[in-house]
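Remarks on the overall topology
Okay, here's what each chain looks like letter by letter:
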Amino acid sequence: MYLQEKPIGPEPITVEEVIEYARLDDDQDRGLIIRLISTAREEAEKYLGISLIHREISAIYSGSLPQKVILPKSPITSVNSVVLDDSIAHEKWHRESDYAIQHDRIIFKRPPYAEHIIINYTAGYNEALPLPNSLRQALILHVTELYHQRSAASTGIALLRQIYHKFRQWWV
């Protein structure tokens, strides 16, 4: 499976929320806080396996799929299309007749098979499905910790190791 993602929503927390929580006097570090919000959100998404911002996703599969498929980056807000594409035919399935959505799963009426199966959907929190308060507060705390630890060399290195550990390629 290969994922293509395009954010279509704002960050789940604002600079103002961080400034208020961290009790910062001025917003001269506004640009830094904006970058730290993105960093904290990306790290939380990788750890949690969910999408904290609203985004369009194309999940591209090769070959056959089982009848039930878990779509990554929940919560799923909608499935826009399922396209079966191969050298013989190009077919687009429609929800009512070909599949149903159940939480973070797509359930096909018949298992799909094609050279490429492309599931286009939207996922993540938005105005209609707001971020839970506990996750919002955790992100604010995460950004505040990143902000306050930015000048502590030894703590900063330990923090970087934790962040980079998730991206480390063990086979190298």
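Quick note: structure is the one above.
What comes next is a walk through the structure. Just so we're clear, the structure is a prediction, and the values are computed from it rather than from any experiment.

**Topic: the overall build of the chain**
From N to C terminus, the chain includes 5 helices and 8 strands. Per-residue burial for the chain yields a buried fraction of 37% across its 172 residues. When the accessible area of the chain is evaluated, it comes to approximately 10800 Å², of which 52% is carbon and sulfur surface.

**What about the nonpolar core?**
Membership of the largest hydrophobic core comes to 20 residues, with the highest contact counts inside it found for I13, I33, I37, L52, L139 and V143. At the level of secondary structure, the elements contributing two or more residues to this core comprise α1 (15-22), α2 (30-48) and α4 (133-148). The residues touching L139, leaving out its near neighbours within four places in the chain, are P12, I13, A40, R41, A44, L52 and L131. By size, the runner-up hydrophobic cluster in this structure holds 19 residues, among which are L65, F108, I119 and A123.

**Some details on the pattern of salt bridges**
In a structure, side chains of opposite charge can pair up when their charged atoms sit close to one another. The tally for this structure, following the rule as stated, stands at 8 salt bridges. In this structure, E5 engages K73 in a salt bridge whose closest nitrogen and oxygen atoms are separated by 3.4 Å. Placement of the pair is E5 in strand β1 (residues 2-7) and K73 in the loop between β3 (68-70) and β4 (76-85), with a sequence separation of 68 residues. For E5, a relative accessible area of 36% gives the class partly exposed. Put simply, R105 and D104 hold a salt bridge, and the shortest N to O gap is 3.0 Å. Relative accessible area serves as the criterion here: at 21%, D104 is assigned to the partly exposed category. Salt bridges sharing common partners tie together E5, E11, R41, E45, R55 and K73.

**Considerations on the packing of aromatic side chains**
If you walk through the whole model with that rule in mind, you get 1 aromatic pair. When the centroid spacing of 6.4 Å and the interplanar angle of 65° are considered together, the rings of Y99 and F108 count as edge-to-face. For F108, a relative accessible area of 1% corresponds to the buried category.

**Examining the side chain of N120**
For N120, the location among the structural elements is in strand β8 (residues 113-123). In this structure the side chain of N120 is engaged in a polar contact, spanning 2.5 Å, whose partner is the side chain of S58. Within the structure, the side chain of N120 is placed 2.8 Å from the side chain of S81, a separation counted as a polar contact. Those residues in contact with N120 that lie beyond four places of it in its chain are I57, S58, V79, N80, S81 and V83.

**Let's talk about the sheet that holds strand β2 (residues 55-64)**
Reading across from one edge, β1-β2-β8-β4-β5 is the order of the 5 strands in this open sheet, with antiparallel pairing throughout. Both edges of this open sheet fall to β1 and β5 (90-93), since each of them pairs with a single strand only. Going from strand to strand, the sheet's axes swing by 20° on average, the running direction of each strand aside.

Conventions used here
Residues numbered from 1 in each chain as written. Predicted model: local features only at pLDDT ≥ 70, side-chain atom pairs only at ≥ 80, totals over all residues. Heavy atoms only, no water. Helix = DSSP H or I, 4+ residues; strand = E, 2+ residues; numbered from the N terminus. Buried < 20%, exposed > 50% of the residue type's maximum accessible area, 1.4 Å probe, protein only. Areas by Shrake-Rupley, 256 points an atom, 1.4 Å probe, with all protein chains shown as cover. Core = buried A, V, L, I, M, F, W, Y, C linked by side-chain atoms within 4.5 Å. Contact = heavy atoms within 4.5 Å. Salt bridge = Lys/Arg side-chain N within 4 Å of Asp/Glu carboxyl O. Phe/Tyr/Trp six-rings, centres within 6.5 Å; stacked < 30°, edge-to-face > 60°. Polar contact = N/O pair within 3.5 Å; in protein donor to acceptor, adjacent residues only side chain to side chain. Pairing = 2+ DSSP bridges. Axes fitted to C-alpha atoms, helices over the stretch in contact; angles between N-to-C directions.

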